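# Structural description and commentary
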Amino acid sequence: SKNMKYKNILFISHSPSLNTIKLSNHICMKAKRLNPNISLICLNPFETNVNSFNSIDGVIISTTENFGYMAGATKDFFDRCYEDLREITAGLPVFYYVRAGLDGQGSQIAINKILKGLKWKQVLPPLILKGKWQNNFIQKVEDQSLAFVNGIEMGIY
């Protein structure tokens, strides 16, 4: 590519409700608008496979929490791809957020274990959006996601 700084970020987003769709769409549009040197590839967990990670510089994962655990769709992605990714993606910068009806604890523990096994690098603490839907959820996710995207672009992470 002409511009060597051009970076690709994979956004694996499980958005089963209107509010989580709003959240994901907001991130997809905002990142593209604010950072022209970034290509944000937005996929749901079922569309995501090992080939989705070709020339990826960072990953954002979004999941809901169901029954105190990450969503089945998100777990399905990890189940299918874990072994193959472990070989080829060590050190990959990652940021994730959980839309949690409960406290988010179960999802966080499970995802952290998986990310550690993959040897991915959590460059920002996970964002746990707890309890009843609040409008500031969008702002929180935007702030963290853009910090992540800009950090990837500048080569900080």
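Everything below is about the structure printed above this text.
### Looking at the packing of helix 1 (residues 18–34) against helix 4 (residues 136–153)
One can describe the packing of helix 1 onto helix 4 by two numbers: an axis separation of 10 Å at closest approach and a directional angle of 40°. As the angle between them shows, helix 1 and helix 4 are arranged oblique. Between helix 1 and helix 4 the crossing geometry is right-handed. Contacts between helix 1 and helix 4 pair K22, L23, H26, I27, K30, A31 and L34 from the former with F137, I138, V141, E142, S145, L146 and V149 from the latter. For the contact of helix 1 with helix 4, a count of residues per class yields 9 nonpolar, 2 polar and 3 charged.

### Here we look at helix 2 (residues 72–88)
For helix 2, built from 17 residues, the straight-helix expectation of 24 Å at 1.5 Å per residue is met to within 8% by its first-to-last C-alpha distance of 24 Å. Approximately 60° is the largest bend angle found in helix 2, and it occurs at Y82. The set of residues buried in helix 2 consists of A73, T74, F77, F78, C81 and L85. On its buried face, helix 2 sits against strand 1 (7–13), strand 3 (58–66), strand 4 (69–70) and helix 3 (105–118).

### Observations regarding unusual backbone geometry
Here the phi dihedral of F67 falls at roughly 55°; this positive angle occurs in a residue that is not glycine. Note on placement: F67 falls in the loop between strand 3 and strand 4. Even without a glycine there, the phi angle at K119 is positive, about 60°. With respect to the helices and strands, the residue K119 is situated in the loop between helix 3 and strand 6 (121–122). A relative accessible area of 57% places K119 in the exposed class.

### Describing the pattern of salt bridges
On inspection of all chains with the given rule, the structure shows 4 salt bridges. Taking the shortest distance from any N to any O, the salt bridge between K30 and E142 comes out at 3.7 Å. Of the two residues, K30 sits in helix 1 while E142 sits in helix 4, which places them 112 residues apart along the sequence. An identical accessibility class is assigned to K30 and E142; each is buried. The salt bridge involving D76 is made with R80; its shortest N-O contact spans 2.8 Å. Linking D76 with R80, this pair stays in helix 2, spanning 4 residues, or about one helical turn.

### Quick notes on the nonpolar core
In this structure, F53, V59, I61, F78, L85 and W120 are the most contacted members of the largest nonpolar core, which totals 25 residues. Elements supplying a minimum of two residues to this core: strand 1, strand 3, helix 2, strand 5 (93–100) and helix 3. The element contributing the most residues to this core is helix 3, with 5 residues. In this structure, I61 is in contact with I12, T74, F78, V94, F95, Y96, Y97 and W120, ignoring residues within four places of it in sequence.

Thresholds, definitions, all that
Residues numbered from 1 in each chain as written. Predicted model: local features only at pLDDT ≥ 70, side-chain atom pairs only at ≥ 80, totals over all residues. Heavy atoms only, no water. Axes fitted to C-alpha atoms, helices over the stretch in contact; angles between N-to-C directions. Helix = DSSP H or I, 4+ residues; strand = E, 2+ residues; numbered from the N terminus. Parallel < 35°, antiparallel > 145°, perpendicular 65-115°, else oblique. Left-handed = near helix turned anticlockwise from the far one by under 90°. Contact = heavy atoms within 4.5 Å. Nonpolar A, V, L, I, M, F, W, Y, C, P; charged D, E, K, R; others polar. Expected span 1.5 Å × (residues − 1). Bend = angle between axes of the 7 residues up to and from the residue. Buried < 20%, exposed > 50% of the residue type's maximum accessible area, 1.4 Å probe, protein only. Salt bridge = Lys/Arg side-chain N within 4 Å of Asp/Glu carboxyl O. Core = buried A, V, L, I, M, F, W, Y, C linked by side-chain atoms within 4.5 Å.

Geometric values such as these leave the question of function open.
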